[in-house]
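Reading the structure
The residues making up each chain are set out below.
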Amino acid sequence: MEEFIVIGGGPVGLLAALLLAKERLAKVTVYERADSIVDNIYESYPIGLNRRASKAMDRVNPAMFQTIKAGCMVVDGWKIFRGSRQVADLRSGKVLLEEALTSYADTGNGDRGSVTVVWRHSLQGVEQSNGIITRLVFTVSGATKNDPFQEVVIETNGRRIIAADGVWSRMRQCLLTLPPPLPSKREVMVVPLKETVTHWGVKFRLLFSKPGASASGLDPAYHYVMGGLYTSIVQGDVWVMAISIWPDAEEAAILESSEATEENKAFLREYVQTQAPLVYPFLNEEDLTAYFGRRAYRGAIIKVNRLNHGESVVLLGDAAHSAIPPTGEGFSSGAEDCEVLLNTLSEVGLEGQPFAEYNKNRLPDVQALGTLAVYLNYFNFLAPAPEKAALLAASIFTTILKNCGVYKTIYSDYLFGTLSDPPLPYRTIVSRWKWQKWTLLPLTRLIFWPIVTIYIILTLPFWGIKWLTKNIPGGRGRRGPGTALKGEPSPVTSKSKCA
């Protein structure tokens, strides 16, 4: 019997385990640092499941995706607003909103006889011999907070390891410190593992509505982008608002504060009303108070130069290629990883270096997705005003050229739009996007850089006077001691290093 170890019991790790158990009849042991799967919508956020995800889930159990579809909201598209005015309407292909990160795993219980989940095991380090991981070092937490941590060493005994332990993957950090394994028959040479980490240019914090909330002008079948707020149904009749927090913005200290003072709640209420007036009716006192008790989170875009460590370890999901929410491909790309890995195992078997073959087949696609994610991060959150205007204009002109028949399709049609089923490889989609985008971008830069630069220069005196009025002692609007700015920001998640 084939045996595998999976590090990480999240959606991608569990999906990989279920597929291995069903299609390979394998014995799979999953090590997860949490103490259980908790279905709590207030600790999660909306996840879109497109055809890439459903294909992999159908292979575990054809009823699985249908079960999720029956209990979730089909997303018809995205509406983009500026204030109370709609400026864009993007139609969707087959994208669903997942109610809970683990609901699909529960549906597959009948096929999990050879999957064992070991809870409260957090990977700390690995040991290698002749390019093969021979030992895994975990810390194990007790059943209660007062129980001490224990160190446990697990012998791999030749079992292959699938690392799906997320964006801050401890396994990836461990592999970065190890010399590369010897090349397999399918490889001329093996280069050391390298990673590129691009932090998101923004943090997110969640604000939820009370159950049964509704607001005029909002359709549950749509997701809404309004002035830095992403709004959608997350479960049943509960709406979630993901508030974008730019670290250098004036309001960041309040939006990240952990103190639910009356001043902070009043600021949040006014901020939502200004940025997203259609969402404002959702809010009540309890929602506003709960917001300040939740963490603000900030992820990163991960790109690696290879996905395997010989035939010992393969990286899947965010551990290999974490993206950014605007791509809409987070879990779906990880689910496709699982499908490609299973296809590779079926084609070459364990004797044919499947991890090296998987790396060869999959790496160009996940690197293409990473290229798109880096661009969207820059465009949405980091670009200076003249460049952002040029990038936005290039996107608008691309859509206009499509509507005029010059372009038959654009990249978003294939990523999450009406042509996303069947899904094309990421490398094909991104190649089309590059050609369309970069043929127009030089022109829009030539037009908008001078215009926006002149506008900024002309308005500098106005903004200078406004700043002085606000900050000089005795000036109008100056914030004194004891106001909402005293809230301390939440700590930024830092990258863990392998023991």
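Residues numbered from 1 in each chain as written. Predicted model: local features only at pLDDT ≥ 70, side-chain atom pairs only at ≥ 80, totals over all residues. Heavy atoms only, no water.

1. Comments concerning the sheet that holds strand E1 (residues 3–7)
Stated formally: Only when DSSP finds a minimum of two bridges between them are two strands counted as paired. Secondary structure elements are taken from DSSP: a helix is a run of H or I of four residues or more, a strand is a run of E of two residues or more, and numbering for both begins at the N terminus.
Within the open sheet, the six strands sit side by side as E6-E2-E1-E10-E18-E17. Their pairing is mixed. Strand pairing shows two members of the sheet lacking a second neighbour, strand E6 (115–118) and strand E17 (308–309), which therefore form its edges. Across four bridges, the pairing between strand E2 (residues 27–31) and E6 is parallel. Looking at the pairing, Thr29 lines up with Thr116 of E6.

2. Side note on unusual backbone geometry
Here the residue pair Asp421 and Pro422 is connected by a cis peptide bond, since its omega of 5 degrees sits within 30 degrees of zero. With respect to the helices and strands, the residue Pro422 is situated in the loop between helix H13 (411–415) and helix H14 (426–471). Phi at Asn130 is positive, roughly 55 degrees, even though this residue is not glycine. Mapping Asn130 onto the fold places it in the loop between strand E7 (121–129) and strand E8 (132–140).

3. Concerning the nonpolar core
Applicable threshold: By convention a nonpolar core is built from buried Ala, Val, Leu, Ile, Met, Phe, Trp, Tyr and Cys residues, the set being connected through side-chain atoms within 4.5 Å. Residue exposure (1.4 Å probe, protein chains only): buried if accessible area is under 20% of the type maximum, exposed if over 50%, otherwise partly exposed.
Membership of the largest hydrophobic core comes to 62 residues, with the highest contact counts inside it found for Ile7, Leu15, Leu136, Met171 and Leu316. Here this core gets nine residues from one element, more than from any other, and that element is helix H1 (residues 11–23). The next biggest cluster of nonpolar side chains, apart from the first, holds 39 residues, and it includes Phe208, Ala394, Ile429 and Val430.

4. Focus: the sheet that holds E7
Paired through backbone hydrogen bonds, the strands of a sheet run either parallel or antiparallel to each other. Going by this rule: Lines fitted to C-alpha atoms define the axes here, with helix axes fitted over just the stretch in contact, and angles between the N-to-C directions of these axes take values from 0 to 180 degrees.
Pairing is antiparallel across the open sheet formed by three strands, whose spatial order is E7-E8-E9. Here the strands that pair on one side only, and so sit at the sheet edges, are E7 and strand E9 (150–155). Within the sheet, the average angular offset between the axes of one strand and its neighbour, ignoring direction, is 25 degrees. Strand direction decides the pairing type here: E7 and E8, joined by eight bridges, are antiparallel. In the sheet register, Leu123 faces E8, and the bridge partner there is Phe138.

5. So, the packing of H1 against helix H2 (residues 51–60)
The line we're drawing: An angle below 35 degrees is read as roughly parallel, one above 145 as roughly antiparallel, one from 65 to 115 as roughly perpendicular, and any other as oblique. By definition, any crossing whose near helix is turned counterclockwise from its far helix by less than a right angle is left-handed, and any crossing with a clockwise turn is right-handed. Every residue pair with non-hydrogen atoms within 4.5 Å of one another is taken to be in contact.
Look at H1 against H2: their axes get within 9 Å of each other, and the N-to-C directions meet at 40 degrees. Relative to H2, H1 is oriented oblique. Relative to H2, H1 is oriented so that their crossing is left-handed. The residues of H2 that touch H1, namely those facing Leu15, Leu18, Leu19, Lys22 and Glu23, are Ala56, Met57, Arg59 and Val60.

The analysis is restricted to geometry; functional conclusions fall outside its scope.
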